[in-house]
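# Commentary on secondary and tertiary structure
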Amino acid sequence: MKKYLVDDTEYAVRVEGTGPILLFAHGFPFDSHLFDAAIERLKDDFCCVAPDLRGFGRTKLGANGHNPHGAPRVKMGRYADDLAILVSEIACQRHDKPAKIILCGLSMGGYVALAFARRRPERLAGFVFCDSNATADTPEKAQERVALADSITSLQIPDLADRMIPGLLAPETLRKRPDVVSELREMISRQSPEAIAAGARGMAKRSDSTETLGQIEAPALVLGGESDALSPPALLDSVAAAMPNATRVTIPNSGHLPPLENPDAFANAILEWRNANVKY
Ligand code: MLT
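Presented here is an overview of the structure given in this document.

Calculation rules
- Residues numbered from 1 in each chain as written.
- Predicted model: local features only at pLDDT ≥ 70, side-chain atom pairs only at ≥ 80, totals over all residues.
- Heavy atoms only, no water.
- Buried < 20%, exposed > 50% of the residue type's maximum accessible area, 1.4 Å probe, protein only.
- Helix = DSSP H or I, 4+ residues; strand = E, 2+ residues; numbered from the N terminus.
- Pairing = 2+ DSSP bridges.
- Right-handed = clockwise from strand over helix to strand, strands pointing away.
- Disulfide = S-S within 2.5 Å.
- 1 Å grid on protein atoms, 1.4 Å probe; cavity = no way out; pocket = protein on both sides within 12 Å on 5 of 7 lines; lining within 4 Å.
- Points joined across faces, edges and corners; volume = space filled by probe spheres on them.
- Nonpolar A, V, L, I, M, F, W, Y, C, P; charged D, E, K, R; others polar.
- Contact = heavy atoms within 4.5 Å.

Further remarks concern the pairing of strand β4 (residues 47-51). Regular strands have side chains that alternate between both faces of the sheet. Burial runs high along β4: 5 of the 5 residues are buried. Residues Cys47, Val49 and Pro51 line one face of β4 and the alternating positions Cys48 and Ala50 line the opposite face, and both faces are buried. Bridge count between strand β2 (residues 9-16) and β4: 4 bridges; the pairing is antiparallel. Within β4, the residue paired with valine 13 across the bridge is proline 51. Sheet topology note: the strand β3 (residues 21-25)/β4 ladder contains 3 bridges and is parallel. When the bridges of β4 are listed, isoleucine 21 appears paired with cysteine 47. In the classification by handedness, the crossover that spans β3, the intervening helix α1 (residues 36-42) and the parallel β4 is right-handed.

This model, assessed by the stated rule, comprises 0 disulfides. Here cysteine 48 is not cross-linked by a disulfide; its sulfur's nearest cysteine counterpart is in cysteine 47, at 7.1 Å. Residue cysteine 130 stays outside any disulfide, its sulfur separated by 5.6 Å from that of cysteine 104, the closest cysteine. Look at cysteine 130 and you get buried, because its relative accessible area is 0%.

Here we take up the layout of surface pockets. Estimated volume of the largest pocket: approximately 660 Å³. In this structure, the largest pocket is lined by 27 residues; those nearest its centre are Lys141, Glu144, Arg145, Met164 and Leu230. Partitioned by chemical class, the residues of the lining of the largest pocket number 12 nonpolar, 8 polar and 7 charged. The calculated volume of the second largest pocket comes to roughly 160 Å³. Looking at the second largest pocket, it is lined by 16 residues, and the ones nearest its centre are Met76, Gly77, Arg118, Arg206 and Ser207. Per-element tally for the lining of the second largest pocket: the top contributor is helix α3 (residues 108-119), with 5 residues. A class-by-class count of the residues in the lining of the second largest pocket yields 5 nonpolar, 6 polar and 5 charged.

With that settled, consider the environment of valine 239. Within the secondary structure layout, valine 239 lies in helix α10 (residues 233-241). Classification of valine 239 as buried rests on a relative accessible area of 5%. In this structure, the C-alpha to C-alpha distance between valine 239 and valine 222, residues 17 residues apart in sequence, is 7.6 Å. Not counting chain neighbours up to four residues away, the residues in contact with valine 239 comprise Phe129, Leu213 and Val222.

Pasting the structure below:
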């Protein structure tokens, strides 16, 4: 992992491979290791950049990871601004000008990617939207997230992992891939309560981004696991239909987390789409 100073914190980032930048934004409550297996398959074609988002993994939350009352909270726009600073820094080191990137956001990372697309459309050579959605939370869902943020402690995180995992993975992953199940359980369990509270409060505050979908001119790839119960195929079909320039691919043998559950199909979908659609 490399370290980059981003605003008021140091980002821990996996940077691997050569080629144009493919920047990954992970979901909640995970870290950059979500993309490890996919990066192994993509690093000959891209410079893969996979940060631990503010507070998660080895990146500290920082003073700007709190709301004005001092409670942990990171809005999606804050994560997006961090990513913009980070890729500028990496591109500058590599002498890339202009630093056009492909941005791949999964689930919460998709919300972050939409915020990035609003702020920095000129930086996007391509946009990969994976197992996510563009709507805001319902009031009930937002309330549930705030309740989680208000109550989460270190001791409860393994229980949170056990509660979440059945909804995150495909039934066949749960049955046949104990390695994936335990990798995911460990990834969730090593996150801090502050990171979880900050992400949950940030997601609860996010606005509806449906209009943004129609404004993304860069070629887009909308990916989703065929058994994703959280962002099901029909929802992702409608996301792709709302974008001017989207390719839609469903990943077999996967639930909400294709880079973990079926990294071959995830990586191949990105490569095939890139080869046919993305120009720098
Ligand atoms: C994620 O995987 O990032 C979460 O499912 C996002 C969410 O809770 O909306």
